[in-house]
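# A structural walkthrough
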Amino acid sequence: MTGLDFLLAVVDGRLPEAPIRGLINGRVSAAEKGRVELLARPTEDHLNPFGQVQGGWYGVVLDTVLGFAIVSCLGEGFSAPTLEFKVNITRGIPLGMQVRATGIISHVGRRTGVSTAEIRGVEDGKLYATGSTTCINLTP
């Protein structure tokens, strides 16, 4: 199965979400070659001691769509572990707000893939965070 076939099977429920998606209260909602979306909603379980959504929550959401955007372009036997990623939080997400994270590829080559992503509120359209990644392409 190709990377895109895998993602489409997750989107339509033929394959289960990874357990970490339950921890972030999210699910992969759309996938096409070079683009992946995830819907998520932070809960009280995701708050830091100051009552704000913990930065690590943003990181997991962004890392998911960043990596999957690259995976969507890979063939059978795909593997693309994260080499590095960056998160820029532009504003705090209000507790309970549904957000859409979108990852888009910038480059997929023989050895590496690069992608960018953003998190926006579904209802308000505001930008809450951006991210970028480089993954190593280990696909045979």
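Residues numbered from 1 in each chain as written. Predicted model: local features only at pLDDT ≥ 70, side-chain atom pairs only at ≥ 80, totals over all residues. Heavy atoms only, no water.

The full count for this structure, using the stated rule, is 0 disulfides. Of the cysteine sulfurs around C73, a residue in no disulfide, the closest is that of C135, at 12 Å. Classification of C73 as partly exposed rests on a relative accessible area of 21%. Judged by its relative accessible area of 1%, C135 falls in the buried class. (Disulfide = S-S within 2.5 Å. Buried < 20%, exposed > 50% of the residue type's maximum accessible area, 1.4 Å probe, protein only.)

For P42, the position within the fold is in the loop between β2 (35-40) and α3 (55-71). The exposure class assigned to P42 is buried, which follows from its relative accessible area of 1%. Counting along the chain gives 31 residues from P42 to C73, while the straight-line C-alpha distance between them is 29 Å. Other than its neighbours up to four places away in sequence, P42 contacts V53, W57, I93, P94, L95, G96 and M97. (Helix = DSSP H or I, 4+ residues; strand = E, 2+ residues; numbered from the N terminus. Contact = heavy atoms within 4.5 Å.)

Counting across every chain of the model gives 3 aromatic pairs. Residues F6 and F68 carry aromatic rings whose centres are separated by 6.3 Å and whose planes lie at 75° to one another, so their mutual orientation is edge-to-face. Of this pair, F6 sits in helix α1 (residues 3-11) while F68 sits in helix α3, and the two are 62 residues apart along the sequence. Judged by its relative accessible area of 16%, F68 falls in the buried class. (Phe/Tyr/Trp six-rings, centres within 6.5 Å; stacked < 30°, edge-to-face > 60°.)

Where α1 is concerned, the buried positions are G3, L7, A9 and V10. The buried residues of α1 occupy an angular sector of 160° when the element is viewed end-on, so they sit on one face. Of the surrounding elements, those touching the buried residues of α1 are β1 (26-32), β2 and α3. Taken from the residues just after α1, G13 is the one with a positive phi, measuring 85°. (Arc of directions from axis to C-beta.)

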